[in-house]
Number of protein chains: 2
Amino acid sequence: MEAPWFMSIKKNPQAEGKRLLMDAALTLTSNNRSLSSLSLRELSREAGLNPNTFYRHFKDFDDLGLTIIAELTDQIRQPLRDLRREAAASVLPLHAVDVSWEENPQLNMKRFMQVNKATIKLFFDFVASNPNAFIVGVRELHGASKVMRHALRNMMSAFAQDMAEDVEMLNLLPGLDKGPLLALSEVISRDTFLLSMDYIELPDQRDNICLQAENLVATLFIGSTVIGGQGALVVGAFED
Amino acid sequence: MEAPWFMSIKKNPQAEGKRLLMDAALTLTSNNRSLSSLSLRELSREAGLNPNTFYRHFKDFDDLGLTIIAELTDQIRQPLRDLRREAAASVLPLHAVDVSWEENPQLNMKRFMQVNKATIKLFFDFVASNPNAFIVGVRELHGASKVMRHALRNMMSAFAQDMAEDVEMLNLLPGLDKGPLLALSEVISRDTFLLSMDYIELPDQRDNICLQAENLVATLFIGSTVIGGQGALVVGAFED
DNA sequence: ACCTAAGGTATACGATTGTATACTTCAAAG
DNA sequence: CTTTGAAGTATACAATCGTATACCTTAGGT
């Protein structure tokens, strides 16, 4: 009698278990669990592996978490920058007559709002296609492990720096100094991350959530511009 | 031989264990643990009680958590409103000539900023004197238990409503409609809560963190006022 | 062709866990 | 007084936990 096909196949042994364990962790944590509440055996069971296999790849649960975060960052960071450029490119050229802000605040504010809206839409699309990764990320951002918290905070700081750089490079808001811009980016980065939980959990309110995010970003940027003494640049765009 | 005093004293048996268990939970979670990662025996051990005593008072850990949150809310909500009135009272009467915003934007903006600063200072003082409660609160706000998350979210919504009511009643920002005001309050409530973690963990940066919070609040309120079409009310206060 | 180390497994052990059952104590209502 | 119910304890047990030790398989370098 011959052995069934699936018993004779040897999968490629290239650290397959590592993937399985990381995926299992994502699966489990996405359903009302936190990393710190998982047990080794539970995780291995979900991954379909022997408990000891965990130690072949990770020192402890923090190690696992850091690996997940590193992968998450790799998957998100560059795409996010690309999204922003893409959004800017799809909007700006249409009005590329390059009217200065002083000349026509309304037009330039509309530009900004459109890039804003497009970027946010693309970001949340990304969230919706990687829900589990975002769930762990947000959960562990204020979770039990100090190591994890610091790693995620650093990740979000990096995102904020990217955002600030892009806004400056694309000349979206000329009235903003570098310092305030970076501070705002940190806030926006964090709040958008947190909002992504709502976006995942409340599929019927996604349009609303997008609007919320857009409003937050616009409010912050405009407020900061005014405080920076460049209010004349923007206030004209909102008067009747 | 007489028994030592502490053995003969019968503490009032009015659910003493309940207090001990809640305190134990706060103690344990404040030190790199989450509620969902606690074990029943661990908690009982910390409280100095028999494991089974837990069930005399709580159905499960969610029940414990909800009780903690309820108590937390009771301790914070009214004091917070009082703080805001106190801050407003300590600042407003000095300038109570009641100059309209249109007449003197600089003066009125200064009023707002002072109330803002005072409230935030008082709030963070409160945080510093109840650190453990805030740590659990923030940790469970995005934690594993859905029940807990909803409860904490409701709590923060209540805080936001309080804030919106107070701002309106104290006439701090006449240029803001009720809708946007409430939306902003929600954001501020959440962000301030999260900032309180930094305030607890980084005692040497507390002044900085206060400034951060003040800036955030000011930026949001001003930005929203401009978007609402009342930019003329505020923009004058920041021009050279 | 051999060796080695990485990836994965099997088994076992003591510690810890949640909970069930039964017992105690004591405050207060009857 | 008696009763009764709430608060807390003692003991016990099966399940699960983390981890130590030893073993198996295979890809890749020499």
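Cut-offs used in this document
Residue numbers restart at each chain and count upward from 1, following the sequence in its written direction. To read the labels, note that chains go from A and ligands from 1, taken in the order they are written. Per-residue local features are limited, in this predicted model, to residues with pLDDT of at least 70; the limit for side-chain atom pairs, both in listing and counting, is 80 or more; totals at the level of whole chains, interfaces and linings are taken over all residues. Hydrogens are left out, water is left out, and the side-chain values use all remaining heavy atoms of the structure. Per the convention used, a helix needs a DSSP run of H or I reaching at least four residues, while a strand needs a run of E reaching at least two, with both numbered from the N terminus. For this measure, only C-alpha atoms enter the radius of gyration; the expected value for a globule follows 2.2 Å times N^0.38, where N is the number of residues. Only heavy atoms are used to decide nearness, and a residue is near a molecule or strand if one of them lies within 4 Å of it. Any N or O atom pair separated by 3.5 Å or less is treated as a polar contact, with the protein-specific requirement of one donor-capable and one acceptor-capable atom, and with residues adjacent in sequence counted only for side-chain atom pairs. Three labels apply to residues, based on accessible area from a 1.4 Å probe with only protein chains included: buried if under 20% of the type maximum, exposed if over 50%, partly exposed otherwise in between. When charges are counted, Lys and Arg are positive and Asp and Glu negative, with His and the chain ends excluded. Salt bridges are defined by distance alone: a side-chain nitrogen of Lys or Arg within 4 Å of a carboxyl oxygen of Asp or Glu. Any two residues whose heavy atoms approach within 4.5 Å are treated as being in contact. Each Phe, Tyr or Trp ring, with Trp reduced to its six-membered ring, pairs with another whose centre is within 6.5 Å; inter-plane angles below 30 degrees give stacked pairs, above 60 give edge-to-face pairs, and intermediate values give tilted ones. Least-squares superposition of the copies uses the C-alpha atoms of those residues scoring a pLDDT of at least 70 in each of them. Annotation comment: domain bounds sourced from an automatic or database domain assignment. Buried area: the sum, over both parts, of the accessible surface (1.4 Å probe) that disappears when the two are put together. In the scheme used here, Gly and all other residues not listed as nonpolar or charged are polar, with Ala, Val, Leu, Ile, Met, Phe, Trp, Tyr, Cys and Pro taken as nonpolar and Asp, Glu, Lys and Arg as charged.

Peer 1: Just to check I follow, could you spell out the overall build of chain A for this structure?
Peer 2: Scanning chain A for helices and strands turns up ten helices and zero strands. Helices and strands in chain A line up, N terminus first, as α-α-α-α-α-α-α-α-α-α. For 240 residues, the compact-globule estimate of 2.2 N^0.38 gives 18 Å, and chain A exceeds it by more than 25% at 22 Å. Along the three orthogonal principal directions, the C-alpha set of chain A runs to about 85 × 40 × 30 Å.

Peer 1: Is there a simple way to explain the protein's contact with DNA strand D in this structure?
Peer 2: With respect to spatial proximity, 20 residues lie near DNA strand D, and among them A:Arg41, A:Tyr55, B:Asn52, B:Arg56 and B:His57 are the closest. Sugar plus phosphate, as a fraction of atoms of DNA strand D within 4 Å of the protein: 44%. Contacts to DNA strand D include A:Arg41, whose side-chain N or O atom sits 2.4 Å from a base nitrogen. In the environment of DNA strand D, a phosphate oxygen lies 2.4 Å from a nitrogen or oxygen atom belonging to the side chain of B:His57. Listing elements by their share of the surface near DNA strand D, those giving two or more residues are helix H3 (40–47) and helix H4 (53–57) of chain A together with helix H2 (16–29) and helix H4 (53–57) of chain B.

Peer 1: Help me understand the side chain of B:Glu140, please; the structure alone is not making it clear to me.
Peer 2: All names here are of chain B. Within the element layout of this structure, Glu140 appears in helix H7 (residues 131–141). Among buried charged residues, Glu140 stands out as having no salt bridge; its nearest opposite-charge side chain is Arg139, 6.1 Å away. Among the polar contacts listed, one links the side chain of Glu140 to the backbone nitrogen of Leu35, at a separation of 3.1 Å. Beyond its immediate sequence surroundings of up to four residues, Glu140 is in contact with Ser34, Leu35, Met148, Arg149 and Leu152.

Peer 1: So what exactly am I meant to see when it comes to the packing of aromatic side chains here?
Peer 2: Aromatic ring pairs are described here by two measures, namely the spacing of the ring centres and the angle between the planes. All names here are of chain A. The full count for this structure, using the stated rule, is 20 aromatic pairs over all chains. Ring centres of Phe123 and Phe124 lie 5.4 Å apart, and the angle between their planes is 55 degrees; this geometry places the pair in the tilted category. On the accessibility criterion, Phe123 (8% relative accessible area) is buried. Looking at Phe124, the relative accessible area reads 0%, which means it is buried. Here Phe123 and Phe134 contribute two aromatic rings whose centre-to-centre distance is 6.0 Å and whose plane-to-plane angle is 85 degrees, an arrangement assigned as edge-to-face. In this pair, Phe123 sits in helix H6 (residues 105–129) while Phe134 sits in helix H7 (residues 131–141), placing the two residues eleven residues apart along the sequence. Note on accessibility: Phe123 and Phe134 belong to one class, buried. By the ring-pair criterion, three or more aromatic residues cluster together here, those being Phe123, Phe124, Phe126, Phe134, Phe159, Phe193 and Tyr199.

Peer 1: Would you mind going over the relation of the copies chain B and chain A with me for this structure?
Peer 2: Copies of the same chain, two in number, are related to each other by a rotation about an axis and a translation along it. Mapping chain B onto chain A calls for a screw motion: a turn of 180 degrees about the axis and a shift of 0.0 Å along it, with 0.0 Å RMSD after fitting. The superposition operator between the copies reduces to a two-fold rotation axis. Considering only C-alpha atoms, the residue of chain B closest to the rotation axis is B:Gly223, which sits at 1.7 Å. Interface overlap between copies is the fraction of interface residues in one copy that are interface residues in the other; for chain B against chain A it reaches 100%, indicating a shared surface.

Peer 1: What is the right way to look at the domain arrangement of chain A in this model?
Peer 2: Size of an interface: often given as the accessible area lost when the parts come together. Residue and element names in this part refer to chain A. Domain boundaries in chain A define domain 1 (11–58) and domain 2 (61–237). On a C-alpha basis, the centres of domain 1 and domain 2 stand 32 Å from each other. Every contact between the two is made by 20 residues of domain 1 and, on the other side, 15 residues of domain 2. Counting each side, the surface lost to burial between domain 1 and domain 2 is near 1,400 Å², with a carbon and sulfur contribution of 72%. Connecting domain 1 to domain 2 are one salt bridge. Across the salt bridge formed by Arg19 and Glu71, the nearest N and O atoms sit 2.8 Å from each other. On inspection of domain 1 and its partner domain 2, the count reaches four residue pairs in polar contact (both at pLDDT 80 or more). Breaking the side of domain 1 that touches domain 2 down by element, the ones donating at least two residues are helix H2 (16–29), H3 and H4. Among the elements that take part in the side of domain 1 that touches domain 2, H2 stands out by supplying seven residues, more than any other. Within the side of domain 1 that touches domain 2, the residues separate by chemical class into nine nonpolar, eight polar and three charged.

Peer 1: Please clarify how the interface of chain B and chain A should be interpreted in this entry.
Peer 2: Tallying the contact residues gives 35 residues for chain B and 35 residues for chain A. Summing both partners gives a buried area of about 3,000 Å² for chain B against chain A, and 60% of it is carried by carbon and sulfur. The largest per-residue losses of area from chain B upon contact with chain A belong to B:His142, B:Thr219 and B:Ile227, which jointly make up 19% of the total buried on that side. Run the count over chain B and chain A and you get six salt bridges. Between B:Arg190 and A:Asp191 there is a salt bridge; the shortest N-O distance is 3.6 Å. The interface formed by chain B and chain A includes twelve residue pairs in polar contact (both at pLDDT 80 or more).

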